[in-house]
Amino acid sequence: MSLAIEAEGLGRDYGDVRALDALDLAVARGEMVGLLGPNGAGKTTAMLLLATLLSPTRGRARVFGHDVVGERAAVRRRLGLLFQETSVDGLLTAEENLLFAARLAGLDGRLARAAVADAIGRTGLAERARRPARELSGGWRRLLDIARATLHHPDLLILDEPTVGLDPEHREAMWSLLDAHRREGTTVVFSTHYLGEAETADRVVLLAHGAVVAEDTPGTLRAELGDGIAEIEGPGAERLARALRGLGSARVVFRTGRGYRVGIAGEREPVIELAGKAPGIERFGLRPTSLEDVYFARTQDAGEAAAR
Amino acid sequence: MSGWSAVHGIVVRDLTRSTRQTSRLVGGIARPFMWLLLVGTGFNAITRLESGIPYHAYVFPGIVMMAALFGGALTAVSTVYDREFGMLRLMLASPAGIPAVLAGRALAATLVGMLQGGIVLAVAPLVLVLAPSRWPGAVAALAAVTAMSALFGLLIAARLRSVENFAGIINVVLFPLLFLSGALYPTAGLPPALLLLARANPVTYAVDLLRHALGQPAERAMSVDLIVVIGSTVLAFLVTALLFDPEQRLAGGGGRGTTPAAVPHRGSRP
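Residues numbered from 1 in each chain as written. Chains lettered and ligands numbered in written order. Predicted model: local features only at pLDDT ≥ 70, side-chain atom pairs only at ≥ 80, totals over all residues. Heavy atoms only, no water.

1. What to know about the pairing of strand β13 (residues 259-264) of chain A
Residue and element names in this part refer to chain A.
Here is step 1: Among the 6 residues of β13, 6 are classified as buried, and the element is accordingly described as predominantly covered.
Here is step 2: Across 6 bridges, strand β12 (residues 250-256) lies against β13 in antiparallel orientation. Directly across from R255, in β13, lies its bridge partner Y260. (Buried < 20%, exposed > 50% of the residue type's maximum accessible area, 1.4 Å probe, protein only. Helix = DSSP H or I, 4+ residues; strand = E, 2+ residues; numbered from the N terminus. Pairing = 2+ DSSP bridges.)

Below, the structure written as structure tokens:
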């Protein structure tokens, strides 16, 4: 069985700017993959390339075996796409927006109306279906947008920051809807800056400076940094971080805006003891490793490598 | 069949939008009537045409052309707004592809232009003598010139990144096309340079076609007018398809989102 996505050396330049260097990516059918990375890392470019909306400068990619350049229509028939900015026509009602999307997806007549009714039911939009979209709140407009992207039951969903700007209730509703599609076997590739959302992905791909800097399951990526993270703030933070590295317990040290974080492996008592004696420490804490730590550690490595 | 359903979807959407933008729709209908009443009546009192027909009857095909041109072209130019506000990329991401998107937009703009031009055409019996047998031809001519206008609008929109307002398009493109077409006055008396421009202007032939259809003296054979109008429409479609850059507004698409933030986890999900 072919993969949902196969990309080899996929890259795109905008003039002199290399937005995406060379993406190698293989996504299995039914898999959920989170693309993480700072602004300008190449996430949106990668998604637009896979969605056939941009042409690659180099490399190639196939979606369900179809080439993203030579077989655009075939790729698009399998695809549901959610852009970073909501794509909803404010002059149309929610229902009319969905009917428009259904027709664009190739559905018409009874099929289109049935798909729209189903999408409205799944998203809980029934009470708002006849209201002009411009009168909906931002959260409902985004849910309408995801209803639009999924109403034709695509095999692959590409979602660019699906929950940006949503309150927790709408975010939960959004993921609940996506989970239902995932259970039906839909492959999902999404980007997010809310790193907690990526924890439930099957796999995380971390991009920085247009290249993949880390790729694995969230658990493996976290484990690579250690069993836990020591957060250190204050004028003495750098000195303590160096001392912890010398102690042998520190697997990785990286900076954040407020201080240092140290990935700890093994015994914690020596670490706590050393921190207790260190001067100039305003805050010290030990906690489990998160994807946010992975994000900072790996993108910092890539940034320093790029600077060199 | 995805192409047909996409065209259907685009046409229904554009017509729905047009009916809900009442001020624009009313403005589009009011403009030609203002010209007919204010300019037509004024010039009627001071103008003697060689053909001997009253000025307001002479200008009537030009006024129908104005309604069709502005209605069709401006509706099509609104593609730029769709590009700015993200709706165009939805259409471009559909399996139907660019030709279906352009065909849908063109058809919708033609229908809007025909609605506006048709309302003007409907008052023809008040201005000139129009035999019932001429109505089908008049409606067909209106459809042809409106389709051409719609394609001109799409051509204008093909490379425009944004439109601050439509006034620039109206003043710089549409009015010159209309004024140099013989819609409001005979072009025969124009200086040679302007006469040359008038002859190169496809709208000149569209107005002439409407004069044929409305039983007025025309400058050229109807076959010439038809060839130029249909040829210009097809040519505009092909050039638009070539110039249309689906990557506009997508290029340089680095994210605009926030920097990573420690936000609450999604929690346990089923």
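2. A few points about the sheet that holds strand β5 (residues 66-67) of chain A
All names here are of chain A.
Here is step 1: Taken in spatial order, the 4 strands make up an open sheet running β2-β1-β4-β5, and their pairing is antiparallel. The outermost strands of the open sheet, each flanked by one partner alone, are β2 (17-27) and β5.
Here is step 2: Direction of pairing for strand β4 (residues 58-63) relative to β5: antiparallel, over a ladder of 2 bridges. When the bridges of β5 are listed, R62 appears paired with D67.
Here is step 3: Against the sheet, helix α1 (residues 43-50) engages β1 (5-14), β2 and β4, with an angle of about 120° to β1. (Contact = heavy atoms within 4.5 Å. Axes fitted to C-alpha atoms, helices over the stretch in contact; angles between N-to-C directions.)

3. What to know about the environment of I29 of chain B
Residues and elements named next belong to chain B.
Here is step 1: Checked against the element boundaries, I29 lands in helix α2 (residues 22-46).
Here is step 2: The spatial distance from the C-alpha of I29 to the C-alpha of I119 is 7.4 Å, given a sequence separation of 90 residues.
Here is step 3: Those residues in contact with I29, other than ones at most four positions away along the chain, are Q116 and I119.

4. Quick notes on the confidence of the model for chain B
Here is step 1: In this model, chain B carries a mean pLDDT of 84, and residues with pLDDT of at least 70 account for 89%.
Here is step 2: When pLDDT is averaged over each helix and strand of chain B, the minimum, 82, is found for helix α4 (residues 79-84) of chain B and the maximum, 96, for helix α11 (residues 202-213) of chain B. (pLDDT = per-residue confidence, 0-100.)

5. A look at the sheet that holds strand β3 (residues 32-36) of chain A
All names here are of chain A.
Here is step 1: One open sheet accounts for 6 strands, arranged β6-β7-β8-β3-β9-β10; its pairing is mixed. Of all the strands in the sheet, the pair left with one neighbour each is β6 (79-82) and β10 (211-216). Direction aside, the axes of adjacent strands within the sheet are offset by 15° on average.
Here is step 2: Pairing of β6 with strand β7 (residues 156-160) involves 4 bridges; the strand directions are parallel. Bridge pairing links G80 to L157 in β7.
Here is step 3: Along the sheet, helix α5 (residues 138-150) contacts β6 and β7; its crossing angle with β6, the most-contacted strand, is approximately 165°.
Here is step 4: Packed on one face of the sheet, helix α7 (residues 218-225) meets β9 (203-208) and β10 and runs near 100° to β10.

6. Focus on helix α8 (residues 135-158) of chain B
Here is step 1: Between the first and last C-alpha of α8 of chain B there are 34 Å, a value that for 24 residues agrees with the 34 Å anticipated at 1.5 Å per step.
Here is step 2: In terms of burial, α8 of chain B is largely enclosed, as 17 of its 24 residues are buried. (Expected span 1.5 Å × (residues − 1).)

7. Brief notes about the packing of aromatic side chains
All names here are of chain B.
Here is step 1: Per the stated rule, a full pass over the model turns up 9 aromatic pairs over all chains.
Here is step 2: With centroids separated by 6.2 Å and ring planes inclined at 40°, the aromatic side chains of W35 and F175 adopt a geometry described as tilted. Placement of W35 in helix α2 and of F175 in helix α9 (residues 167-179) is noted, with a sequence separation of 140 residues between them.
Here is step 3: With a relative accessible area of 22%, W35 lands in the partly exposed category. (Phe/Tyr/Trp six-rings, centres within 6.5 Å; stacked < 30°, edge-to-face > 60°.)

8. Here we look at α5 of chain A
Here is step 1: Along its 13 residues, α5 of chain A runs 18 Å from first to last C-alpha, staying within 8% of the 18 Å computed at 1.5 Å per residue.
Here is step 2: Most of α5 of chain A is tucked away: 11 of the 13 residues are buried.
Here is step 3: For α5 of chain A, the complete set of buried residues consists of G139, W140, R142, L143, L144, D145, I146, A147, R148, A149 and T150 of chain A.
Here is step 4: In this structure, the buried side of α5 of chain A is in contact with β6, α3 (94-104), α4 (109-123), β7 and α6 (168-183) of chain A together with α5 (87-92) of chain B.

9. Side note on unusual backbone geometry
All names here are of chain A.
Here is step 1: Not every positive phi belongs to a glycine, and T52 is a case in point at roughly 70°.
Here is step 2: Along the chain, the position of T52 falls in the loop between α1 and β4.
Here is step 3: Note on T52: relative accessible area 0%, which makes it buried.
Here is step 4: Positive phi, close to 50°, is recorded for H153, a residue that is not glycine.
Here is step 5: Checked against the element boundaries, H153 lands in the loop between α5 and β7.

10. Things to note about the nonpolar core
Here is step 1: One finds F60, M65 and F70 of chain B to be the most contacted residues of the largest nonpolar core, which totals 106 residues.
Here is step 2: Looking at which element gives the most residues to this core, the answer is helix α3 (residues 55-77) of chain B, with 17 residues.
Here is step 3: Contacts of F70 of chain B, omitting those with residues within four sequence positions, involve R31, T75, I170, L174, F175 and L178 of chain B.
Here is step 4: Core analysis: the second largest hydrophobic core is formed by 48 residues, V88, I120, W140 and A214 of chain A among them. (Core = buried A, V, L, I, M, F, W, Y, C linked by side-chain atoms within 4.5 Å.)

11. Some points on the pattern of salt bridges
Residue and element names in this part refer to chain A.
Here is step 1: Counted under the stated rule, the structure contains 37 salt bridges over all chains.
Here is step 2: Between R18 and D21 there is a salt bridge, with the nearest N and O atoms lying 2.9 Å from each other.
Here is step 3: Residue R18 is classed as partly exposed on the basis of its relative accessible area of 47%.
Here is step 4: Among the charged side chains, a network of salt bridges with common partners joins E231, E233, R261, R283, R287, E292 and D293. (Salt bridge = Lys/Arg side-chain N within 4 Å of Asp/Glu carboxyl O.)

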